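Now for the letters of each chain:
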Amino acid sequence: MEEESSSSSPKMTSGTRETAVNSSPAVAAHSEGEEIEVLESTDVVPTASEEMTNKRSNSFRRAILQGGRQLKGCSSLRDEVGLGLSQRLVRHIAYETLPREVDRKWYFDSYTYCPPPWLILAITIAEVAVFMYYGVKLDRLVLQVSSPSFLKSPLPYHPQLRAQGWRYLSYIFMHTGIEHLSLNMAMQLLVGVPLEMVHGATRIGLVYVCGVLAGSLAVSVTDMTAPVVGSSGGVYALVSAHLANVVMNWSGMKCQFKLFRMAMALVCMSVEFGRAVWLRFYPPAFPPCPNPSFVAHLGGVVVGLTLGVVVLHNYEQKLQEQSLFWIFFCVYTLFVLCAVFWNIFAYSLLDVRLPPPP
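Just so you know, the residues in each chain are numbered from 1, in the order the chain's sequence is written. Under the rules for a predicted model, residues below a pLDDT of 70 receive no local features and side-chain atom pairs below 80 are neither given nor counted, while totals for whole chains, interfaces and linings still include all residues. In computing side-chain properties, one takes all heavy atoms of the structure into account and sets aside hydrogens as well as water.

Draft legend 1. Examining the overall build of the chain more closely. The number of helices and strands found in the chain is ten helices and four strands. In this description a helix means any DSSP run of H or I spanning at least four residues, a strand means any run of E spanning at least two, and both kinds are numbered starting from the N terminus. Its helices and strands in sequence order give the chain the pattern β-β-β-β-α-α-α-α-α-α-α-α-α-α, from N to C terminus. Only protein chains enter the accessibility calculation, which uses a 1.4 Å probe; a residue is then buried when its area is under 20% of its type maximum, exposed when over 50%, and partly exposed in between. Put simply, the chain has 358 residues, and 47% of those count as buried. Of the contacts formed within the chain by residues at least 6 apart in sequence, a portion of 72% connects residues at least 24 apart. Here, residues are in contact when the closest pair of their heavy atoms is within 4.5 Å.

This is the structure in structure tokens:
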């Protein structure tokens, strides 16, 4: 089969119809490189001189030219047999997170566990370690927030100490009790680790950190007298983005019992949010300082439904080339700047009566 790089029009030779195709479909590559069979799409592809933005294009073309592993369009990834435990796990993750068969096949072929999903695991281990440390120090595991020394830690966000910038992020390592930590940790691991395996630590870390920062800033703007603890801002950003991605690609998602599992995820989120609302309005153990705010959950949800959806939806494309990503990122940056100015000027202008420092 001959190809002319200077022309992108279809060509008929020797009874074979050559059709230029998009670089993203799965393609069956024969070992001698004699024929390329179009399996899933017949979209027009850019000419060789045009820059390819699909991050898997180069690897796919190398596989085609070298006669690499064949991806047969007549069978799905589920039909693969003789897989080891690690390969079955990768296949399971692919069906959990990706809506298109071509994406799942490419991910299954290319994933090597190097690097492993270290970010979410590291954050979770740090949260457990901090919780155990303060559990011993405060001599309590349930409702640690009721201890008079709980907010004396350098980690929680406190409105009197809002000038200490690290507290807008470090508050995720403190939790009100074992029930708070358990719910957050379960959602963080069950959703965050698979997403990191597919999208990488950079993308998932971006969504997580943006959710954490948005959570503390949202509290400083809307619930100005309350402290903040817990990783709910980052967790809710990841879970909301994933659930929205599943709903937007409902027909393409092939994970088992997806309706039941979505319902269970929403139930867990609702229970954790309800617990936070109850605790916020429950009489504090040491007035006049109120209990931690629940608004960080809402900040995380907003980030997940905007910035997070764009990050998870564009698996095969570079984020910096997506206009919608830049729109949401600019809106998020504007919110951060406005919240910073609010923290600098609004408290004095509104004469807010803050609780005493811990």
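Draft legend 2. Local environment of the nonpolar core. Working definition of a nonpolar core: buried Ala, Val, Leu, Ile, Met, Phe, Trp, Tyr and Cys residues. They are joined through side-chain atoms within 4.5 Å. Within the largest apolar cluster, 63 residues are counted, with the highest numbers of intra-cluster contacts made by Tyr 107, Tyr 171, Tyr 208, Val 239 and Val 303. If you list the elements that add at least two residues to this core, you get α2 (85-97), α3 (101-110), α4 (118-138), α6 (178-222), α7 (232-248), α8 (258-281), α9 (295-313) and α10 (323-349). Beyond its immediate sequence surroundings of up to four residues, Val 239 is in contact with Met 187, Val 191 and Met 269. The next biggest cluster of nonpolar side chains, apart from the first, holds eleven residues, and it includes Leu 151, Met 174, Val 229 and Cys 289.

Draft legend 3. Seen up close, the pattern of salt bridges. Salt bridges are identified by distance alone: a Lys or Arg side-chain nitrogen within 4 Å of an Asp or Glu carboxyl oxygen. This structure, assessed with the given rule, holds five salt bridges. Residue Asp 223 pairs with Arg 280 through a salt bridge whose shortest N-O separation is 2.9 Å. Here Asp 223 is found in the loop between α6 and α7, whereas its partner Arg 280 is found in helix α8, with 57 residues between them in sequence. For Glu 272, the salt bridge identified is with Arg 275, shortest N-O distance 3.0 Å. With a gap of three residues between them, Glu 272 and Arg 275 both fall in helix α8, about one helical turn apart. Pair check on accessibility: Glu 272 and Arg 275 agree, each one buried.

Draft legend 4. Spotlight on the side chain of His 199. Turning to its location among the elements, His 199 is positioned in helix α6. For His 199, a relative accessible area of 8% puts it in the buried group.

Draft legend 5. Representation of the packing of aromatic side chains. Centre distance within 6.5 Å is the pairing criterion for rings of Phe, Tyr and Trp, where only the six-membered ring of Trp is used; planes under 30 degrees apart are then read as stacked, over 60 as edge-to-face, and the remainder as tilted. The tally for this structure, following the rule as stated, stands at eleven aromatic pairs. Judged by centre distance (4.9 Å) and plane angle (65°), the ring pair of Tyr 111 and Tyr 113 falls under edge-to-face. Residue class for Tyr 113 comes out partly exposed when judged on its relative accessible area of 31%. Taking 5.3 Å as the distance between ring centres and 70° as the angle between the ring planes, the aromatic pair formed by Phe 325 and Trp 326 counts as edge-to-face. Under the relative-accessibility criterion, Trp 326 is labelled partly exposed at 40%. Lying over the aromatic face of Tyr 347, Arg 162 brings its terminal NZ or CZ to 3.8 Å of the ring centre. Between Arg 280 and the ring centre of Phe 281, over which it is positioned, the NZ or CZ distance is 5.8 Å. Geometrically, a lysine NZ or arginine CZ counts as sitting over a ring once it is within 6 Å of the ring centre and also within 35 degrees of the ring normal.

Draft legend 6. Here's a closer look at the side chain of Asn 343. Structurally, Asn 343 can be placed in helix α10. Within the structure, the side chain of Asn 343 is placed 3.3 Å from the side chain of Tyr 168, a separation counted as a polar contact. In protein, a polar contact means a hydrogen-donor-capable atom and an acceptor-capable atom, both N or O and within 3.5 Å, with residues adjacent in sequence counting only if both atoms are side-chain atoms; elsewhere, any N or O pair within 3.5 Å suffices.

Draft legend 7. How the structure looks around a nonpolar patch on the surface. Each patch groups residues whose relative accessible area exceeds 30% and which form no salt bridge, using 9 Å between like charges and 5 Å between nonpolar side chains of Val, Leu, Ile, Met, Phe, Trp and Tyr. Residue burial considers only the protein chains on display, and all accessible areas are found by Shrake-Rupley using a 1.4 Å probe. There is a patch of nonpolar side chains on the surface, built from Leu 337, Val 340, Phe 341, Trp 342, Ile 344, Phe 345, Leu 349 and Leu 350 and spanning about 820 Å² of accessible area. Summarising the element assignment, Ile 344 is placed in helix α10.

Draft legend 8. Here's a closer look at the packing of α6 against α8. Following both chains from N to C, one finds α6 and α8 inclined at 150°, their axes separated by 11 Å at the closest point. Classed by the angle they form, the pair α6 and α8 counts as roughly antiparallel. Note that α6 runs across α8; the crossing there is left-handed. Where α6 approaches α8, its residues Glu 179, His 180, Leu 183, Asn 184 and Met 187 are matched on the opposing element by Cys 268, Met 269, Val 271, Glu 272 and Arg 275. In the scheme used here, Gly and all other residues not listed as nonpolar or charged are polar, with Ala, Val, Leu, Ile, Met, Phe, Trp, Tyr, Cys and Pro taken as nonpolar and Asp, Glu, Lys and Arg as charged. Looking at side-chain class alone, the contact of α6 with α8 contains five nonpolar, two polar and three charged residues. Comment: axis = line fitted to C-alpha atoms, over the contacting stretch for helices; angle = value between 0 and 180 degrees taken between N-to-C directions. Should an angle fall under 35 degrees it is called roughly parallel, over 145 degrees roughly antiparallel, and 65 to 115 degrees roughly perpendicular, with every other angle called oblique. Here is the rule for handedness: rotate from the far helix to the near one, and if that takes an anticlockwise turn smaller than a right angle the crossing is left-handed, while a clockwise turn gives right-handed.

Draft legend 9. Summary view of unusual backbone geometry. With an omega of 0°, the peptide bond running from Cys 114 to Pro 115 counts as cis. Note on placement: Pro 115 falls in the loop between α3 and α4. Residue Leu 143 is not a glycine yet carries a positive backbone phi of 50°. Along the chain, Leu 143 turns up in the loop between α4 and α5 (167-170).

Draft legend 10. Examining α2 more closely. To estimate how far a helix should reach, multiply one less than its number of residues by 1.5 Å. Taking 1.5 Å of rise per residue, the 13 residues of α2 would be expected to cover 18 Å, and the 19 Å separating its terminal C-alpha atoms lies within 8% of that figure. Looking at α2, one finds that the buried residues are Val 90, Arg 91, Ile 93, Ala 94, Tyr 95, Glu 96 and Thr 97. In the core, the buried residues of α2 are packed alongside α3, α6, α7 and α8.

Draft legend 11. Region of interest: the confidence of the model for the chain. Each residue carries a pLDDT value, the predictor's own confidence for that position, ranging from 0 to 100. Considering every residue of the chain, the mean pLDDT works out to 80; 78% of them sit at 70 or more. For the chain, the element scoring lowest by mean pLDDT is strand β4 (residues 36-38), at 37; α5 scores highest, at 96. Across residues 1-74, where pLDDT falls below 50, the model places 100 contacts with residues more than four positions away in sequence or in other chains.

Draft legend 12. The packing of α2 against α3, seen in detail. Where α2 contacts α3, the axes come no closer than 9 Å and their chain directions differ by 150°. One finds that α2 runs roughly antiparallel with respect to α3. You can see that α2 and α3 cross each other, and the crossing is right-handed. The residues of α3 that touch α2, namely those facing Gln 87, Val 90, Arg 91, Ile 93, Ala 94 and Tyr 95, are Glu 101, Arg 104, Tyr 107 and Phe 108. Tallied by class, the residues present in the contact of α2 with α3 amount to six nonpolar, one polar and three charged.

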